[in-house]
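# Descriptive analysis of the structure
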Amino acid sequence: DAGITQSPRHKVTETGTPVTLRCHQTENHRYMYWYRQDPGHGLRLIHYSYGVKDTDKGEVSDGYSVSRSKTEDFLLTLESATSSQTSVYFCAISGGRTEAFFGQGTRLTVV
Amino acid sequence: KNEVEQSPQNLTAQEGEFITINCSYSVGISALHWLQQHPGGGIVSLFMLSSGKKKHGRLIATINIQEKHSSLHITASHPRDSAVYICAVDRTSGSRLTFGEGTQLTVNP
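In what follows, the accompanying structure is described.

### Some words on the side chain of Asp-38 of chain A
Residues and elements named next belong to chain A. Its place among the elements puts Asp-38 in strand β4 (residues 31–38). In this structure the side chain of Asp-38 is engaged in a polar contact, spanning 2.9 Å, whose partner is the side chain of Arg-44. One polar contact links Asp-38 to Ser-87, side chain to side chain, over a distance of 2.7 Å.

### Re the sheet that holds strand β8 (residues 69–74) of chain B
All names here are of chain B. Within the open sheet, the 5 strands sit side by side as β1-β3-β8-β7-β6. Their pairing is antiparallel. Lying at the two open borders of the sheet, with one neighbouring strand each, are β1 (4–7) and β6 (52–56). This sheet shows a mean twist of 15° between the axes of neighbouring strands, independent of strand direction. As paired elements, strand β3 (residues 19–25) and β8 share 6 bridges and run antiparallel to each other. Residue Cys-23 lies in a different strand from β8, and its bridge partner there is Ser-70.

### Some words on the pattern of salt bridges
All names here are of chain A. Considering all chains together, one arrives at 6 salt bridges over all chains under this definition. Between Asp-38 and Arg-36 there is a salt bridge, with its nearest N and O atoms 2.8 Å apart. Assigned by exposure class, Asp-38 and Arg-36 land together as buried. The partner of Arg-44 in a salt bridge is Asp-38, with the nearest N and O atoms 2.9 Å apart. Neither residue differs from the other here; Arg-44 and Asp-38 are each classed as buried. Members of the salt-bridge network, linked through shared partners, are Arg-22, Lys-70 and Asp-73.

Rules behind the numbers
Residues numbered from 1 in each chain as written. Chains lettered and ligands numbered in written order. Predicted model: local features only at pLDDT ≥ 70, side-chain atom pairs only at ≥ 80, totals over all residues. Heavy atoms only, no water. Helix = DSSP H or I, 4+ residues; strand = E, 2+ residues; numbered from the N terminus. Polar contact = N/O pair within 3.5 Å; in protein donor to acceptor, adjacent residues only side chain to side chain. Pairing = 2+ DSSP bridges. Axes fitted to C-alpha atoms, helices over the stretch in contact; angles between N-to-C directions. Salt bridge = Lys/Arg side-chain N within 4 Å of Asp/Glu carboxyl O. Buried < 20%, exposed > 50% of the residue type's maximum accessible area, 1.4 Å probe, protein only.

Structural data, given as structure tokens:
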């Protein structure tokens, strides 16, 4: 199995609290992505990174920030969680022109 | 219009049938991925294609770069093939992976 792990796998948090999800890879891939998956919408890109400290916004980036201080770690932060951010979050890695690998997902519930 | 479109959105088949799922895209790509997601499960890469055709067991994936179209075929379908199949493209510019909305496949025994 590709070396990509997400933590936590499940989280319940209250509206208005900050939340950080972590994606860790051991493949030394350049590209890392955060997606959310919701019924009827498929996978939607939140943010992605193309190198250490190099990040860019995806199509649903409002309310989210990211950081990548090391090649292996890509953090997604919900600055002030809202119920609309209840979702399943997936991290993915790719080397560009290589197979893409996905984490197991984080199920986040904002109450 | 989505940059990656899949058809059909839902597909129900009887065990043993030949299945085709289609993916069309409108952006420049360096590669196309076919992914599989079982209910409640993670996402697994089935194929990565930049040209031609690939085969793995009962699964075959083809791509026509000129027509910007790819197909995923499943021969002799089985209930364990029931899953969501997702097409994703590795764009040549901008964000790297862009996904279709997926095809929900149900294979009945």
